[in-house]
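Understanding the architecture of this molecule
For reference, the chains in residue letters:
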Amino acid sequence: MQQNKIIDFIQPDAQDWEKLERISEIDMQGFGEDGISTFNLSQFARGGSVFCLTLNGLIIAEAVVLRNFRDNGAEIFGFAVAKEYFNQGYGTRLLQHLKEVAKEAGIEYFELTMNPDRPVLHRLYIQKAGFYKKAELTQHPHKHEPRWLLRYDL
Ligand SMILES: CC(C)(COP(=O)(O)OP(=O)(O)OC[C@H]1O[C@@H](n2cnc3c(N)ncnc32)[C@H](O)[C@@H]1OP(=O)(O)O)[C@@H](O)C(=O)NCCC(=O)NCCS
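Residues numbered from 1 in each chain as written. Predicted model: local features only at pLDDT ≥ 70, side-chain atom pairs only at ≥ 80, totals over all residues.

Let us now look at the nonpolar core. Among the nonpolar cores identified, the biggest contains 35 residues, and Val 50, Ala 61, Ala 63 and Leu 98 are the most heavily contacted of them. Secondary-structure elements contributing two or more residues to this core are α1 (17-31), α2 (38-46), β2 (50-55), β3 (58-67), β4 (73-81), α3 (90-104), β5 (109-114) and β7 (147-153). The element that contributes the greatest number of residues to this core is β3, accounting for six residues. With sequence-adjacent residues up to four places away left out, Val 50 is seen in contact with Gln 11, Pro 12, Ile 23, Leu 41, Phe 44, Ala 45, Glu 62 and Val 64. (Core = buried A, V, L, I, M, F, W, Y, C linked by C-beta atoms within 7 Å. Buried ≥ 20, exposed ≤ 12 C-beta atoms within 10 Å, placed from the backbone. Helix = DSSP H or I, 4+ residues; strand = E, 2+ residues; numbered from the N terminus. Contact = placed C-beta atoms within 7 Å.)

Laid out in structure tokens, this is it:
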């Protein structure tokens, strides 16, 4: 029997260690040494910065969004989908959700950094979500990958 796909968006509580462990696992899988620990996620969750997409109740994508002090922009700091769910549109859906939530919260733009050597990121952020290249940054200090700063005006 085919199971219905129920997609939802949640924000974990700062003390919900089970969910935070799962989010950290996805983040570490996506970013290696730059991944966010469970404990640090808890601090971000306290301020309402952690966003998740769930599929039939399981967290399969996560993002950390940090509001700026100096203006009304925000940085998408972590953004990852669990690898067994890649290329099924979940990254696109979470990004769309972040746009809606941020607009409602009065955030005026998003910025994020990406490695321009990864075609999937061109597709996801630039072609599909409408981000544009704002600047070329210096290389990642450890991974020695090139880095672009992208922006999306809400
Ligand atoms: C980047 C990431 C979030 C994308 O999530 P996702 O759920 O797979 O993304 P989506 O399925 O919504 O969209 C991906 C798009 O890229 C396309 N794509 C995938 N691999 C591609 C490739 N090698 N070349 C070109 N396009 C590619 C997909 O076909 C899809 O486009 P489509 O909808 O037109 O078919 C996911 O790969 C990930 O978590 N990676 C590790 C962490 C990471 O790199 N995060 C981003 C940091 S800036």
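Only one face of β7 is buried: it carries Trp 148, Leu 150 and Tyr 152, and the other face, with Arg 147, Leu 149, Arg 151 and Asp 153, is open. Note that β5 and β7 share six bridges and pair antiparallel. Among the inter-strand pairings, Tyr 109 is bridged to a residue of β7, identified as Asp 153. With five bridges connecting them, strand β6 (residues 132-137) and β7 associate as antiparallel partners. The residue of β7 that forms the bridge with Glu 136 is Trp 148. (Pairing = 2+ DSSP bridges.)

With that settled, the discussion passes to the sheet that holds β6. Pairing is mixed in the open sheet, where seven strands are placed in the order β1-β2-β3-β4-β5-β7-β6. Each of the sheet's edge strands pairs with one partner strand only, and the pair in question is β1 (7-10) and β6. Across the sheet, the mean angle from the axis of one strand to that of its neighbour is 25°, orientation sign disregarded. (Axes fitted to C-alpha atoms, helices over the stretch in contact; angles between N-to-C directions.)

Now for α1. Taking 1.5 Å as the rise per residue, α1 with 15 residues should run 21 Å; its terminal C-alpha atoms sit 20 Å apart, in good agreement. Taken as a whole, α1 has its buried residues at Lys 19, Leu 20, Arg 22, Ile 23, Ser 24, Ile 26 and Asp 27. Buried residues along α1 sit against α2, β2, β3 and β4. The positive-phi residue at the C-terminal boundary of α1 is Gly 32, with phi of around 55°. (Expected span 1.5 Å × (residues − 1).)

Moving on, we get to the environment of Asp 8. Along the chain, Asp 8 turns up in strand β1. For Asp 8, a count of 12 C-beta atoms within 10 Å corresponds to the exposed category. Distance from Asp 8 to Leu 53, taken between C-alpha atoms, is 5.8 Å for residues 45 residues apart in sequence.

By themselves these figures say nothing about function.
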